[in-house]
Amino acid sequence: MPVRVSVILPALNEEASLPAAIRSAREAGADEVIVVDGGSADRTVEAARTLADIVIGRPAGRAAQMNAGVRASSGNVLLFLHADTLLPPGSLDAVRAAVREDGISGGAFSVRLAVSPSSSRYRKAILQLSGRMIGVRSMIFRTYTGDQAIFVRRDAFESIGGFPEIPLMEDVEFSRRLAVRGKTLLLPVRISTSGRRWEAFGPVRTILLMWGLRLAYFLGVPPARCAELYRRSRVR
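Residues numbered from 1 in each chain as written. Predicted model: local features only at pLDDT ≥ 70, side-chain atom pairs only at ≥ 80, totals over all residues. Heavy atoms only, no water.

> Any chance you could break down unusual backbone geometry for me, citing the residues and the numbers?
Phi at Ala 149 is positive, roughly 55°, even though this residue is not glycine. With respect to the helices, strands and loops of the structure, Ala 149 is situated in the loop between helix 5 (121–141) and strand 7 (151–153). Look at Met 169: it is not a glycine, yet its phi comes out positive at around 70°. When you line up the elements, Met 169 lands in the loop between helix 6 (154–159) and helix 7 (170–181). (Helix = DSSP H or I, 4+ residues; strand = E, 2+ residues; numbered from the N terminus.)

What follows is the structure in structure tokens.
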């Protein structure tokens, strides 16, 4: 049976970066592109309508937006792409090859954190190392984050109930459930995701914050509490 890939982009106030993400999905070989807007106050919806196949609106919440995008999609493979992440041309061929393997439920891509040209050598080196460490973590723990463009067969997505609609860690929890269901793969194809938040907050502080939140979540801290800690840390 042909592998038809639906790319689903949850977005909120992403008019500047969204067009490039949609175009990258097209060039990567997407069969359809669906944008789920979370109530943007800028021109995100207008930008999406000129480029995407389907544009729908849902209350803000990444997990709920992605689940809504799946309901609107027709592909037998789903890929979830952040609005500030770019897929390299032809990269979805690797996804199609992966899901044809016996027992593979889904997976994600290796990632490169894109930095601004004005960043110092120190920050560029730290972000380069961070991108590689994301891959190492994924291979060891079989958990993926949204920045890695998680992909999944539709039947596997439905069997685990989609993304848990929690305020934080929905991607980590989803990939954990997916790994329990069947094998997942970290593709060697490297995608590019914006390092803007890393640069704004500080690379080292971001690493410590995200690892701390993941540890807290794995130790049983509720997602709502993790989200509150995340917001407080970012405000500082």
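From this point, things continue past the structure.
> Got a sec to walk through the pairing of strand 8 (residues 183–194)? Specific residues and values, please.
With 2 bridges joining them, strand 5 (residues 85–86) and strand 8 adopt antiparallel strand pairing. Across the sheet, Leu 86 pairs through a bridge with Ser 192, a residue of strand 8. For strand 6 (residues 104–114) and strand 8, the ladder comprises 10 bridges, and the chain directions are parallel. Bridge assignment links Gly 106 to a residue of strand 8, and that residue is Thr 184. (Pairing = 2+ DSSP bridges.)

> If you had to explain the nonpolar core to someone new, which residues and values would you point to?
Generally speaking, soluble globular proteins have nonpolar side chains that are buried together. Grouped together as the largest cluster of nonpolar side chains are 31 residues, with contacts concentrated most on Val 7, Leu 9, Leu 79, Leu 81, Leu 87, Leu 92 and Phe 109. Those elements giving two or more residues to this core turn out to be strand 1 (5–11), helix 1 (18–28), strand 2 (32–37), strand 4 (77–80), helix 4 (92–99), strand 6 and strand 8. When residues in this core are grouped by element, the largest group, 5 residues, is from helix 1. Setting aside residues up to four positions removed in sequence, Phe 109 forms contacts with Leu 79, Leu 87, Ser 91, Val 95, Gln 148, Ala 149, Phe 151, Leu 186, Leu 187, Val 189 and Ile 191. Within the second largest apolar cluster, 21 residues are counted, among which are Ile 34, Val 36, Val 152 and Phe 163. (Core = buried A, V, L, I, M, F, W, Y, C linked by side-chain atoms within 4.5 Å. Buried < 20%, exposed > 50% of the residue type's maximum accessible area, 1.4 Å probe, protein only. Contact = heavy atoms within 4.5 Å.)

> I'd like a description of the pattern of salt bridges, backed by residues and values.
In the structure shown here, the tally under the stated rule is 9 salt bridges. Between Arg 96 and Asp 31 there is a salt bridge, with the nearest N and O atoms lying 2.9 Å from each other. In this pair, Arg 96 is assigned in helix 4 and Asp 31 in the loop between helix 1 and strand 2, connecting sequence segments 65 residues apart. Judged by its relative accessible area of 12%, Arg 96 is buried. Under the relative-accessibility criterion, Asp 31 is labelled partly exposed at 32%. Ionic contacts of the salt-bridge type, sharing partners, join the residues Asp 31, Asp 93 and Arg 96 into one network. (Salt bridge = Lys/Arg side-chain N within 4 Å of Asp/Glu carboxyl O.)

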